[in-house]
Amino acid sequence: VGVVEKKLLLTKDKVKKNDIVLAVPSSGLHSNGYSLVRHIIKKKKLPLKIKKELLKPTKIYVKEIISLNKRKLVNGCANITGGGLLNNLIRVIPKNLSLNINLDKIRTTKIFKWLKKNNINDDEMLSTFNCGVGFCLIINKKNINKVKKIFSKKYEPYQIGFISKGGKKVNTYGELQW
């Protein structure tokens, strides 16, 4: 439950054609996919580096998002939780627009590369895990530098897609880099 001033409320009608989609790097798994991870761990010995990755605290982006919203730099946003990248982003796209994501641009981290090596297909990876993207922002392209300045270097957003008119609701191209 939360409260927001009406003038700061983000609604689907703020997302426009030619807006860009920025990925904010995740700190790891966050809270997603642990049932699948436990299943894999039962079968495999975990390398020490992976154990450390599993114990990393989840990065919470509240301060940055509040700052961006107060400056009216965000047209839409999505926390990448259960359901993965595409299923969370699609919720903020108006009916007449399409989400276009270039999978080549996603910066996967070692925990996701390790999970992928355990016979998980790309569709399952995308629908279960954040794959290195903890949060997404939909912004007007002219604001990209202002948006990047709000984040630390470690969590600096980078472009992974754009919004277009009509067609399929979600278009993906390229391939995740494992």
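Just so it is clear, the model here is predicted, and its values are computed rather than measured.

Asker: Lay out the sheet that holds strand β4 (residues 133–139) in plain terms, naming residues and giving numbers.
Answerer: If you walk across this open sheet you meet the six strands as β2-β4-β1-β5-β3-β6, and the pairing is mixed. The sheet is open, and its two edges are formed by β2 (76–79) and β6 (170–173), each paired on a single side. Averaged over all neighbouring strand pairs, the angle between strand axes comes to 20 degrees, with direction disregarded. Bridge count for strand β3 (residues 97–102) against strand β5 (residues 158–165) is five bridges, and the pairing is antiparallel. Residue I101 lies in a different strand from β5, and its bridge partner there is G161.

Asker: I'd like a rundown of the side chain of S26, residues and numbers included.
Answerer: Structurally, S26 can be placed in the loop between β1 (20–25) and α1 (34–43). When neighbours within four sequence positions are excluded, S26 is seen to be in contact with Y61, F112, N130, G132, V133, G134 and Y155.

Asker: Go over the packing of aromatic side chains with me, naming the residues and quoting the values.
Answerer: What the rule picks out here adds up to three aromatic pairs. Note on Y61 and F135: the rings are 5.5 Å apart at their centroids and 45 degrees apart in plane angle, and the pair reads as tilted. Of the two residues, Y61 sits in the loop between α2 (48–54) and α3 (62–70) while F135 sits in strand β4, which places them 74 residues apart along the sequence. In terms of burial, Y61 and F135 fall into one category: buried. Arranged with centres 6.3 Å apart and planes meeting at 85 degrees, the rings of Y61 and Y155 form a pair that is edge-to-face. With Y61 in the loop between α2 and α3 and Y155 in the loop between α7 (144–150) and β5, this pair connects stretches of sequence that are 94 residues apart. Residue classification places Y155 among the buried residues on the basis of a relative accessible area of 11%. Each residue in the set Y61, F135 and Y155 is aromatic and connected to the rest through ring pairs, giving one cluster.

Asker: Summarise the state of the cysteines; cite the residues concerned and give the values.
Answerer: For the structure shown, the criterion picks out zero disulfides. Of all cysteine sulfurs, the one in C77 lies closest to C136, which takes part in no disulfide; the gap is 9.6 Å.

Asker: Quick rundown of unusual backbone geometry? Include the residues and the values.
Answerer: For N18, which is not a glycine, the phi torsion comes out positive at approximately 75 degrees. Note on placement: N18 falls in the segment before β1. The class for N18 is exposed, based on a relative accessible area of 56%. Residue H30 is not a glycine yet carries a positive backbone phi of 60 degrees. Position of H30 among the secondary structure elements: in the loop between β1 and α1.

Asker: Give me the lowdown on α3, citing residues and values where you can.
Answerer: In an α-helix there are 3.6 residues to a turn, and that puts residues three or four apart on one side. Looking at α3, one finds that the buried residues are E64, I65, S67, L68 and N69. Looking at the buried positions of α3, the neighbouring elements they touch are β4 and α7. Directly beyond the C-terminal end of α3, a positive phi value near 60 degrees is found at K72.

Asker: Describe the nonpolar core, listing the residues and the values that go with them.
Answerer: Counting 37 residues, the largest nonpolar core has L85, I101 and L115 as the members making the most contacts within it. Counting residues per element, this core draws most heavily on helix α5 (residues 110–116), which supplies four residues. Beyond its immediate stretch of four places on either side in the chain, L115 contacts L29, V37, I40, I120, M125 and F129. Of all hydrophobic cores here, the second largest spans 16 residues; its members include Y61, I65, I139 and Y155.

Asker: Report on the environment of K70, specifying residues and quantitative values.
Answerer: Along the polypeptide, K70 turns up in helix α3. Along the sequence, K70 and K7 sit 63 residues apart, while their C-alpha atoms lie 9.5 Å from each other.

Conventions adopted
Residues numbered from 1 in each chain as written. Predicted model: local features only at pLDDT ≥ 70, side-chain atom pairs only at ≥ 80, totals over all residues. Heavy atoms only, no water. Pairing = 2+ DSSP bridges. Helix = DSSP H or I, 4+ residues; strand = E, 2+ residues; numbered from the N terminus. Axes fitted to C-alpha atoms, helices over the stretch in contact; angles between N-to-C directions. Contact = heavy atoms within 4.5 Å. Phe/Tyr/Trp six-rings, centres within 6.5 Å; stacked < 30°, edge-to-face > 60°. Buried < 20%, exposed > 50% of the residue type's maximum accessible area, 1.4 Å probe, protein only. Disulfide = S-S within 2.5 Å. Core = buried A, V, L, I, M, F, W, Y, C linked by side-chain atoms within 4.5 Å.

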